[in-house]
Amino acid sequence: MRALLVDSSAKSGFRLGETAEPAPAPNQALVEIKALSLNYGEVAGGYGKEDGAVNGWDAAGVVVKAAADGSGPEPGSRVVTFGSGGAWAELRAVDTTELAVLPDGVDFAQAAALPVAAVTALRALRRFGSVLGRRVLVTGAAGGVGRFAVQLAALSGAHVIASVGSVARGEGLEKLGAAEVIVGVEGLTGPLHGVLDNVGGPNQVTAFGLLAEGGSIQSIGATSGEPSVYPPYATVGPQRRVEGFMMGYNLGEDLAYVASLVAAGKLDVEIGYRGSWENSEDAIAALIGRKVVGKAVLDVA
Ligand SMILES: NC(=O)c1ccc[n+]([C@@H]2O[C@H](COP(=O)([O-])OP(=O)(O)OC[C@H]3O[C@@H](n4cnc5c(N)ncnc54)[C@H](OP(=O)(O)O)[C@@H]3O)[C@@H](O)[C@H]2O)c1
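Treat the numbers as computed from the prediction; the structure is a model and nothing was measured.

A. Region of interest: the overall build of the protein chain. Along the protein chain, the regular secondary structure elements total seven helices and 15 strands. In terms of C-alpha radius of gyration, the protein chain reaches 19 Å, essentially the compact-globule figure of 19 Å for 301 residues. Projected onto its principal axes, the C-alpha coordinates of the protein chain cover approximately 55 × 40 × 30 Å. Residues classed as buried in the protein chain amount to 51% of the 301 residues present. Looking at the protein chain as shown, the accessible area adds up to about 12700 Å², and 52% of this sits on carbon and sulfur atoms. Charge separation in the protein chain, taken as the distance between the mean sites of 23 positive and 31 negative side-chain charges, equals 4 Å.

Right, dumping it as structure tokens:
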């Protein structure tokens, strides 16, 4: 089968090539992949496996072989899938706990955009408890996680402040539910009940200083590449937290939920880059270059 293989000599770190088909374990369905999405974490380095390995967390397609243990959907089912690798291929073996059947009206490209970005936004937001009527800041709001986070926080009744890198990158966020769109931390005021932080660095330190008592920062990512340096006594005072966040596994139920929101027209999947997986190098450059509004999705054909 064809797959996007790790290739340390390639400019993007990947090349389209031939590899062996996966052999599903008893708890895995075999899925013919139709579309995949790219995540910052898997293309910006750090998660590369050995040359020749098949990377990729997010993909959507059609079940061609049901799991041997009887779990999961029947052949022919349209599904969205997650795993710690193996997504960027014509065939993927996927744990039946890491997939969901797609409702009508959600296409493969929309579905492929969901797993890591939307479920991260969902699970991180849940850490705040109720955000009804409370102020929530989302940093890196123009990105994959960010655009889902803005929408899910707004759906939950929060007053959402979306922080972006430039005015242009903020376009469309008010339509998605942001009450305020700011560049960096310009004009940012407290109190903040929660911060979904994709960017880290000095902006995180500023946001921490504006947290209400009991509020927290969910440290999701650190795309700024800058350290968050807390001056003496900045962390002394009323109880406030910076918490490490990791999305984790067992996505099935949450994937079904976010897909149902898409089907109901309550969650917009913003696909800022769409192309063939033959052009993965171009897509990866656009994502790392902060040129993609939302998600980068590649069609597998
Ligand atoms: N902990 C977890 O479980 C988990 C799960 C998913 C993702 N993540 C992490 O979360 C982060 C966001 O992921 P993503 O998929 O949303 O990435 P993405 O789509 O590439 O978006 C990243 C955002 O970060 C901003 N950014 C990039 N470089 C920046 C810089 N030098 N300074 C300030 N802002 C910068 C960009 O802002 P502008 O567009 O405004 O320029 C962009 O919108 C990544 O670090 C990723 O690894 C973690």
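Once you've had a look at it, read on.
B. The arrangement of the environment of Ser-166 in detail. Position of Ser-166 among the secondary structure elements: in the loop between strand 9 (159-164) and strand 10 (180-183). For Ser-166 and Ile-182, which are 16 residues apart along the polypeptide, the C-alpha to C-alpha distance reads 8.4 Å.

C. Seen up close, the environment of Gly-70. Here Gly-70 is to be found in the loop between strand 4 (58-65) and strand 5 (78-82). When its relative accessible area of 63% is taken as the criterion, Gly-70 is described as exposed.

D. Fine view of the side chain of Arg-135. Of note, Arg-135 is situated in strand 8 (residues 135-139). With a relative accessible area of 17%, Arg-135 lands in the buried category.

E. Quick peek at the packing of aromatic side chains. Within the structure shown, the criterion is met by three aromatic pairs. Ring geometry for Phe-208 versus Tyr-230: centroids 5.3 Å apart, planes at 90°, classification edge-to-face. Of this pair, Phe-208 sits in helix 5 (residues 202-209) while Tyr-230 sits in the loop between strand 12 (211-219) and strand 13 (241-244), and the two are 22 residues apart along the sequence. For Tyr-230, a relative accessible area of 24% puts it in the partly exposed group.

Criteria and cut-off values
- Residues numbered from 1 in each chain as written.
- Predicted model: local features only at pLDDT ≥ 70, side-chain atom pairs only at ≥ 80, totals over all residues.
- Heavy atoms only, no water.
- Helix = DSSP H or I, 4+ residues; strand = E, 2+ residues; numbered from the N terminus.
- Rg over C-alpha atoms; globule rule 2.2 N^0.38 Å.
- Buried < 20%, exposed > 50% of the residue type's maximum accessible area, 1.4 Å probe, protein only.
- Areas by Shrake-Rupley, 256 points an atom, 1.4 Å probe, with all protein chains shown as cover.
- Lys, Arg positive; Asp, Glu negative; His and termini not counted.
- Charge placed at Lys NZ, Arg CZ, Asp CG, Glu CD.
- Phe/Tyr/Trp six-rings, centres within 6.5 Å; stacked < 30°, edge-to-face > 60°.

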